[in-house]
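Summary of structural features
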Amino acid sequence: RKGLGRTDDHYWPDPKQDTGYSNATHGGVGCNRNSRGTGFSMQYHEAPARMYDDIETCPENLLLFFHHVPYEHRLKSTGESVLDYIIRVHREGVADVARLIATWRVVMEDSGLSRARGASILARLENQLLDAAAYSDIITEYFISIANKSIVDEFV
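In short, a report on the structure. (Residues numbered from 1 in each chain as written. Predicted model: local features only at pLDDT ≥ 70, side-chain atom pairs only at ≥ 80, totals over all residues. Heavy atoms only, no water.)

To continue, consider the overall build of the chain. Helix and strand content of the chain: four helices and zero strands. Listed by position from the N terminus, the elements making up the chain come as α-α-α-α. Expressed as a percentage of its 156 residues, the buried residues of the chain come to 32%. Sequence-distant contacts, at least 24 apart, represent 56% of the contacts inside the chain between residues at least 6 apart. Counting only carbon and sulfur atoms, one obtains 55% of the accessible surface of the chain, whose full area is about 9,800 Å². (Helix = DSSP H or I, 4+ residues; strand = E, 2+ residues; numbered from the N terminus. Buried < 20%, exposed > 50% of the residue type's maximum accessible area, 1.4 Å probe, protein only. Contact = heavy atoms within 4.5 Å. Areas by Shrake-Rupley, 256 points an atom, 1.4 Å probe, with all protein chains shown as cover.)

Before going further, it helps to examine the nonpolar core. Ranked by internal contacts, the top residues of the largest apolar core, which has 15 residues, are Ala-24, Val-29, Tyr-71 and Phe-143. Those elements that provide at least two residues to this core are α3 (82–110) and α4 (115–146). The contacts of Val-29, once residues within four sequence positions are left out, are Ser-22, Asn-23, Ala-24, Leu-64, His-67, His-68, Val-69, Tyr-71, Val-82, Ile-86 and Phe-143. In this structure, Val-94, Val-97, Trp-104 and Leu-122 belong to the second largest nonpolar core, which totals eight residues. (Core = buried A, V, L, I, M, F, W, Y, C linked by side-chain atoms within 4.5 Å.)

For α4, built from 32 residues, the straight-helix expectation of 46 Å at 1.5 Å per residue is met to within 8% by its first-to-last C-alpha distance of 46 Å. The positive-phi residue at the C-terminal boundary of α4 is Asn-148, with phi of around 60 degrees. (Expected span 1.5 Å × (residues − 1).)

Before going further, it helps to spend a moment on the pattern of salt bridges. Counting across every chain of the model gives seven salt bridges. Close ionic contact of Arg-99 with Asp-96 constitutes a salt bridge, the shortest N to O distance being 2.2 Å. Residue Arg-99 and its partner Asp-96 are both found in helix α3; the two are separated by three residues, about one turn of the helix. Three or more residues are tied together by salt bridges with common partners; here these are Glu-80, Arg-88 and Glu-92. (Salt bridge = Lys/Arg side-chain N within 4 Å of Asp/Glu carboxyl O.)

A word on the packing of aromatic side chains. Inspection of the entire model under this criterion finds nine aromatic pairs. For the ring pair Tyr-44 and Tyr-52, a centre distance of 5.0 Å and an interplane angle of 70 degrees mean the geometry is edge-to-face. Given a relative accessible area of 15%, Tyr-52 falls into the buried group. Considering the side-chain rings of Tyr-52 and Phe-66, the 4.7 Å spacing of their centres and the 5 degrees angle between planes classify their relative orientation as stacked. Here Phe-66 lies in helix α2 (residues 63–66) and Tyr-52 lies in helix α1 (residues 46–53), a separation of 14 residues in the sequence. Here a set of aromatic residues connected by ring pairs shows up, and it is made of Phe-40, Tyr-44, Tyr-52, Phe-65 and Phe-66. The ring of Phe-65 is capped by Arg-33, whose NZ or CZ atom sits 4.1 Å from the centre of that ring. (Phe/Tyr/Trp six-rings, centres within 6.5 Å; stacked < 30°, edge-to-face > 60°. Lys NZ or Arg CZ within 6 Å of the ring centre and 35° of its normal.)

On to a nonpolar patch on the surface. Taken together, the side chains of Phe-40, Tyr-44 and Phe-65 define a hydrophobic patch exposed on the protein surface, amounting to about 240 Å² of accessible area. Mapped onto the elements, Phe-65 comes out in helix α2. (Patch = residues over 30% accessible without salt bridge, like charges linked within 9 Å, V, L, I, M, F, W, Y side chains within 5 Å.)

For the rest of this paragraph, the subject is the packing of α3 against α4. Where α3 contacts α4, the two axes come as close as 9 Å, and the packing angle between them is 170 degrees. When the axis of α3 is compared with that of α4, the two are roughly antiparallel. Here the residues of the contact of α3 with α4 are counted per class, giving 21 nonpolar, five polar and three charged. (Axes fitted to C-alpha atoms, helices over the stretch in contact; angles between N-to-C directions. Parallel < 35°, antiparallel > 145°, perpendicular 65-115°, else oblique. Nonpolar A, V, L, I, M, F, W, Y, C, P; charged D, E, K, R; others polar.)

Relative to the assigned elements, Ile-146 resides in helix α4. On the accessibility criterion, Ile-146 (11% relative accessible area) is buried. Residues Ile-146 and Thr-25 lie 121 residues apart in sequence; the distance between their C-alpha atoms is 6.6 Å. Excluding residues that lie within four positions of it along the chain, Ile-146 makes contacts with Ala-24, Thr-25, His-26 and Tyr-71.

In short, the description is geometric, and any link to function would need to be established separately.
Structure, rendered in structure tokens:
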């Protein structure tokens with residue numbers, strides 16, 4: 001892979017080089033943009049400001065934007081820890097690409113596309129699968145290591 005391991009290539013993540021992106025520490029992940037941090041949440045009108053500022057009412061899709069939480073913090077929607085969620089969604093992303101490839105193989109047969117065009121698209125999708133797997137490994141290994149976890153719930 002051209003960019004794998006290069007720190008000057010924006011295509012490949014290097015969380016060790018840019019910890020500011022995730023605000024990951026050994027204690028947790030996310031950025032305190034609430035009243036106890038940067039105060040960013042206070043720029044909103046009163047009702048949404050209160051909602052974003054409180055970890056219990058902050059929407060989960062914004063949780064790490066407004067709060068730095070421990071890796072063990074349990075998500076209300078799934079019951080899993082933040083660390084387990086990070087690992088699961090990255091692995092699911094790889095599985096999604098694999099399903100897309102399987103779907104494309106069926107479409108190729110029935111689409112009327114030229115073999116060359118279908119094969120070209122398939123090759124790009126297969127490359128995307130390799131990239132997705134590498135990206136997933138880079139991110140999950142980083143978070144497991146920074147969280148000082150040797151065993152991660154059901155993902156070992």
